[in-house]
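Inside the fold
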Amino acid sequence: MTTPIRYTIFPKSPAAHLFEVTVTVDAPAPAGQRFMLPTWIPGSYMIREFARNVVTLRAEANGNAVAVEKIDKATWSCAPCAGPLKLTYEVYAWDLSVRAAHLDDSHGFWNGTSVFLLPESLRAQPCEVEILAPRAHPDWRIATALLPKSAPVAGFGALSFGTFVAETYDELIDHPVEIGTFSHATFDACGTRHHIAITGVHRADVARLTADLKKICETQIVFFEPETKQAPMREYWFLFMVTGDGFGGLEHRASTALMVSRDDLPLAHEAKITAGYRKILSLASHEYFHTWNVKRIKPEPFMDYDLAHENYTKQLWFFEGFTDYYDDLMLVRAGLITPLEYLEIEAENIGRVMAQSGRQKQSLAESSFDAWVKYYRQDENAPNAIVSYYQKGALVGLALDLMIREQTNGAKSLDDVMRALWNECGKCGRGVDESKVEGKGEIERIAERVTGVDLRAFFAEVIDGTGDPDFVKLFAHIGIAMTWRVSATAKPDDPAPPALGAKLTSDANGDAKLAQVFDGGAAQSAGLSAGDVVIAVDGLRVTAGGLDRRVKSYRVGSQIEVVAFRRDELKRFVVTLHAPPPGVCMLLTHDTPLEAKARRMAWLLGIAAAR
Ligand code: ZN
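For the structure given in this document, a descriptive report is provided here. Values in this document were obtained by computation on a predicted structure and should not be read as measured data.

Okay, the pattern of salt bridges next. For the structure on display, the rule yields 35 salt bridges. In this structure, the salt-bridge partner of Arg566 is Asp532, at a minimum N-O distance of 2.9 Å. Here Arg566, found in strand S27 (residues 559-566), pairs with Asp532, found in the loop between helix H14 (522-526) and strand S25 (533-537); they are 34 residues apart in sequence, far enough to count as distant. Each member of the salt-bridge network shares a partner with another, and the members are Arg333, Asp401, Arg405 and Asp415.

Moving on, we come to the packing of aromatic side chains. Ring pairs (aromatic) are described by centroid distance and by the angle formed between their planes. All told, the structure shown has 35 aromatic pairs when counted by the stated rule. Taking the centre distance of 5.6 Å and the plane angle of 85° together, the rings of Trp40 and Tyr305 count as edge-to-face. Separated by 265 residues along the polypeptide, Trp40 in the loop between strand S3 (34-36) and strand S4 (54-61) and Tyr305 in the loop between helix H4 (275-289) and helix H5 (316-333) bring together distant segments of the chain. For the residue pair Trp40 and Tyr305, the accessibility class agrees, reading buried in each case. When the ring of Tyr288 is compared with that of Trp292, the centres are 5.5 Å apart and the planes differ by 75°; the resulting orientation is edge-to-face. Residue Tyr288 is classed as buried on the basis of its relative accessible area, which comes to 0%. For Lys70, the ring lying beneath its charged end belongs to Trp76, and the centroid distance is 4.6 Å. Between the NZ or CZ atom of Lys279 and the centre of the ring of Phe247, over which it lies, the distance is 4.9 Å.

Before going further, it helps to spend a moment on the nonpolar core. Judged by nonpolar contacts, the single largest core of 162 residues is most densely connected at Trp110, Phe116, Leu213, Phe238, Phe240, Phe475 and Trp603. Here the element with the most residues in this core is H5; it accounts for 11 residues. Discounting residues that sit within four places of it in the chain, Phe240 has contacts with Ile196, Ala197, Ile198, Thr199, Leu209, Leu213, Leu258, Val260 and Ile280. Grouped together as the second largest cluster of nonpolar side chains are 20 residues, Ala502, Ile560, Val562 and Ala564 included.

With that settled, consider unusual backbone geometry. The residue after Gly83, namely Pro84, is reached through a cis peptide bond having omega -5°. Within the secondary structure layout, Pro84 lies in the loop between strand S7 (75-78) and strand S8 (85-92). A cis amide bond links Thr592 with the next residue in sequence, Pro593, at an omega value of -5°. Along the chain, Pro593 falls in the loop between strand S29 (584-589) and helix H16 (594-605). Backbone geometry places Asn409, a non-glycine residue, at a positive phi of 55°. Among the secondary structure elements, Asn409 is positioned in the loop between helix H9 (391-407) and helix H10 (414-426). Since its relative accessible area comes to 71%, Asn409 is described here as exposed.

Quick notes on the rules
Residues numbered from 1 in each chain as written. Predicted model: local features only at pLDDT ≥ 70, side-chain atom pairs only at ≥ 80, totals over all residues. Heavy atoms only, no water. Salt bridge = Lys/Arg side-chain N within 4 Å of Asp/Glu carboxyl O. Helix = DSSP H or I, 4+ residues; strand = E, 2+ residues; numbered from the N terminus. Phe/Tyr/Trp six-rings, centres within 6.5 Å; stacked < 30°, edge-to-face > 60°. Buried < 20%, exposed > 50% of the residue type's maximum accessible area, 1.4 Å probe, protein only. Lys NZ or Arg CZ within 6 Å of the ring centre and 35° of its normal. Core = buried A, V, L, I, M, F, W, Y, C linked by side-chain atoms within 4.5 Å. Contact = heavy atoms within 4.5 Å.

Next up, the structure:
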């Protein structure tokens, strides 16, 4: 018997940021029905305890109140009763992020993980949710990839309030919903309807955004399905939330929730892609790539999420890192940025990863596994202790791609590996095996089989170990010289200016606070710590804005006296200034030999010799 779990959600009090939600189970468990709320949201690997926002909760059956007891932080247990059993509860929604729920007079947004209680043991049941319009806002509409119960036009998105259906609870919570007065645009990519909803005050050139997103989507659909050019979802929604300085995204099976900064959106008559707009396109490209990589090609432990506890995988370097590699590469292949602009981005990425000593202490596999307590919960020591499975993972994707292309003479590439994973795992709903066979994980096994390249040393060194890819050699093969300079405008032999070896911020008084102190740097060697507030150098007062310049006025090797507060205690430090490693990475192309240039263009434009 598959009676659906029935939900209603109503923006009861935008002023108090309260949704009223009901869940009805027709045949509750005879021993007493339990309900739980997820502690985390898939895609964001941190325990967030969404149940803390449930404010009031009551249960009833056939007009009578049913006793409810909280049995752990996220679980409610109802007394035995005859169905239907209905729970009514309020959820406080005041988290303006892509991960939770938000409601005020201007709009409402939710992820199902924040608002829909899951009846225990009914996770595979179909769900129905009636979304009710707020009384005070008759002009609000709905943006979601949830399927309307009675779809007026096949393949066309629902903008009207009403009832929506999901085959399972997991599907229900994988379709975020926006309600309000957003701008709305649509486009077709390879025959699939795509929607853009933009919430928040903006003056963006929506037509421009639409045209650019269409190019990205079509490039990616053809990337994964070069023959059928078929997208894997019925329709797709880009849910943009515009704020003053927001940035972030979360992937879903048929949509993405994105937060972007108002000033980064494209303006009418702005021909060039600004750095800010490039960031938005890159973010959208990243989340869209996840439609295949992580929403359908999944690590085995994600095939059946444990919504109450951490779900461990050692493969986020692939699911996030390789997605990060492809997000910008897809912008070149879609013709939105030039190869030179792309190489500037890659040079910056290399510089960022190589500047952090944490990469020598934590492997990518470890970084993935510990995401829950390290990457997602970074403290002041993060650059010294961890490596980002995004940033280094992207560089490993780049290195692996170039290596496969070099060793197969351009016949194969990482693109072939991605398609093999899509065909062998994603398409048929099989998780990517986490275990090692003869020392090789499944991604490595598939990559070796598809390309014929022996990858054992590479995977052992840069994924299970803490080694760096040999970029100088890999780039040389495609006509790119990788060098380091002391600054972007410096000449090759310019001497490096000294640095303190710390990241500075400004405290409330405008004084220079050390946010992070880097391993082996001048500040750490002298005994300065994160949190110290520097007030003077060699007897002269400094502020946050002036400290870096003051330090640069000395030479490498100079000794300076730094006076700083640690808590309320004044301390003096003698600092011997170092040169900062490693400087700025430069990727300089050369067009001879011609074969090297041809190899470079084949990589950038995705023209594989063999498909
Ligand atoms: Zn991602």
